[in-house]
Structures are given as C-alpha cells and as structure tokens.
Amino acid sequence: MTDTHQLVTRGGVTLQVRRAQAEDAPMLADFFHHVTPEDLRFRFLTSVREVGADRLAMMTAPDPDTDSLLALNEAGELLATALLVGDAEGRRGEVAVTIRSDYKARGIGWSLLEHLVSLARERGYQVVESLEDRQNRSAISLEREMGFVAVPVVDDPTLLIIRRELD
C-alpha cells in the first residue's frame, strides 16, 4: 500500500490512512503522549512510559511483510496507528490498533480493523490474529463483534489470541 485511503467511521470521523515513513517518527512519538498508560500497556503488552526511538524506528521502517499505518484527520493530526504483520509462510497476519485517548468511541478502531482485514485478504492471508491482554475488554468486545473468536494462550493466562478465519 503506497497510497492514501480515506475511511469514514461510523462516528463520522474522516481518516486519511497511509503507510508510516521514517520522517513520521517525531509525529508518532507525540501521538503516544496522547495514549493512556493502560492503552500503551495493552499495545505493547508491557509497562511502557514512553515509546522509545527503537520502537518508533521499527514502526516507520519499510518492510514488505508489514503494513504500519497512520490514520490522520483532515487537519493532519495523527489519531490512530494500525499494524498488520505477516508470518513467514504468508498464511497469518497479526494486527494491532492504537487510538488516541481523546478520539476513542468514534468508530476508529472498527474502521481500522476492517481495513486491516481487507489488507490481509489482499495479501492472501487465511487468518488474522490479535494478541490481547484479557483486561482489554473494549478491544476484545469489538473484535468479537467483527467475527473474531477468543483462544486462550496456554503459557500465559493473562493473554488471549483473538482470531478470525478469512474467506
């Protein structure tokens, strides 16, 4: 995906969704200051006070197996990030979405997850998965509404794999 896609959420928010680029690292760093500590923990599955330069570089580096996306409003403000990472076999894609705290409950998560599923289908993936902290009830609920199924993580009772088989 090299171009920009326009999405309009159920809440009426217009998003311009495009690939992250190296020069977006400062904007991403600022974005994560508008994400709650709990949401940072849910996104990275560990306590994070600040997203470091190494993680920002990974999120903005070109990678043919990764779609690291930015969702901006019409004023150019970064409202959310979305990630689709394919496995080595090209069968499974892992997804993650992070939304700025002051833009939650406006349909952004739904629209971005729907967009990621569409990208996964285009790539020929058979399964889309998300690794979730069991306490991330809003994400788990949204994913279940979209046809995902929860599977326990055997080695870690605090986590769930939320999985959706694709046509």
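About the thresholds
Residues numbered from 1 in each chain as written. Predicted model: local features only at pLDDT ≥ 70, side-chain atom pairs only at ≥ 80, totals over all residues. Heavy atoms only, no water. Pairing = 2+ DSSP bridges. Helix = DSSP H or I, 4+ residues; strand = E, 2+ residues; numbered from the N terminus. Salt bridge = Lys/Arg side-chain N within 4 Å of Asp/Glu carboxyl O. Buried < 20%, exposed > 50% of the residue type's maximum accessible area, 1.4 Å probe, protein only. Core = buried A, V, L, I, M, F, W, Y, C linked by side-chain atoms within 4.5 Å. Contact = heavy atoms within 4.5 Å. Axes fitted to C-alpha atoms, helices over the stretch in contact; angles between N-to-C directions. Parallel < 35°, antiparallel > 145°, perpendicular 65-115°, else oblique. Left-handed = near helix turned anticlockwise from the far one by under 90°. Nonpolar A, V, L, I, M, F, W, Y, C, P; charged D, E, K, R; others polar.

Trainee: What should I look at first to understand the pairing of strand β7 (residues 149-152) in this one?
Mentor: The side chains of a regular strand alternate, first on one face of the sheet and then on the other. Note that β7 and strand β8 (residues 159-165) share 4 bridges and pair antiparallel. Along β8, the bridge assignment pairs Pro152 with Leu160. In textbook terms, the turn of a hairpin is the stretch between consecutive antiparallel strands, and for β7 and β8 this stretch comprises 6 residues.

Trainee: How should the pattern of salt bridges be read in this particular structure?
Mentor: Opposite charge on two side chains permits them to pair, given that their charged atoms come into close proximity. The final tally for this structure, using the stated rule, is 6 salt bridges. Its salt-bridge partner being Arg123, residue Asp67 comes within 2.9 Å of it at the nearest N-O pair. With Asp67 in strand β3 (residues 66-72) and Arg123 in the loop between α4 (108-122) and β6 (127-133), this residue pair connects regions lying 56 residues apart in the sequence. In this structure Asp67 comes out as buried when scored by relative accessible area, which is 1%. Taking the shortest distance from any N to any O, the salt bridge between Glu129 and Arg92 comes out at 3.0 Å. Of this pair, Glu129 sits in strand β6 while Arg92 sits in strand β5 (residues 92-99), placing them 37 residues apart in sequence. Judged by its relative accessible area of 26%, Arg92 falls in the partly exposed class.

Trainee: In this structure, what is going on with the nonpolar core? I would like to understand it.
Mentor: Within soluble globular proteins, side chains that are nonpolar tend to cluster in buried spots. Of all hydrophobic cores here, the largest spans 29 residues; its most connected members are Leu15, Val17, Leu84, Ile108, Leu112, Leu116 and Phe148. Elements represented by at least two residues in this core include exactly β2 (14-19), β3, β4 (78-86), β5, α4 and β8. Here the element with the most residues in this core is α4; it accounts for 8 residues. Leaving out residues up to four positions away in the same chain, Leu116 has contacts with Leu69, Ala82, Leu83, Leu84, Val95, Ala96 and Val97. Formed by 9 residues, the second largest nonpolar core is a distinct cluster that contains Ala20, Phe31, Phe32 and Leu78.

Trainee: Even after reading the chapter, I still don't get the packing of α4 against helix α5 (residues 137-145), so can you show me in this structure?
Mentor: Two quantities define a packed helix pair, namely the angle between the helix axes and the distance between the axes. Contact pair α4 / α5: the axes reach a minimum separation of 11 Å and the direction vectors enclose 50°. Between α4 and α5, the angle is such that the two are oblique. The chirality of how α4 crosses α5 is right-handed. Of the residues in α5, those touching α4 at Gly109, Trp110 and Leu113 are Leu142, Glu143 and Glu145. Of the residues that constitute the contact of α4 with α5, the class distribution is 3 nonpolar, 1 polar and 2 charged.

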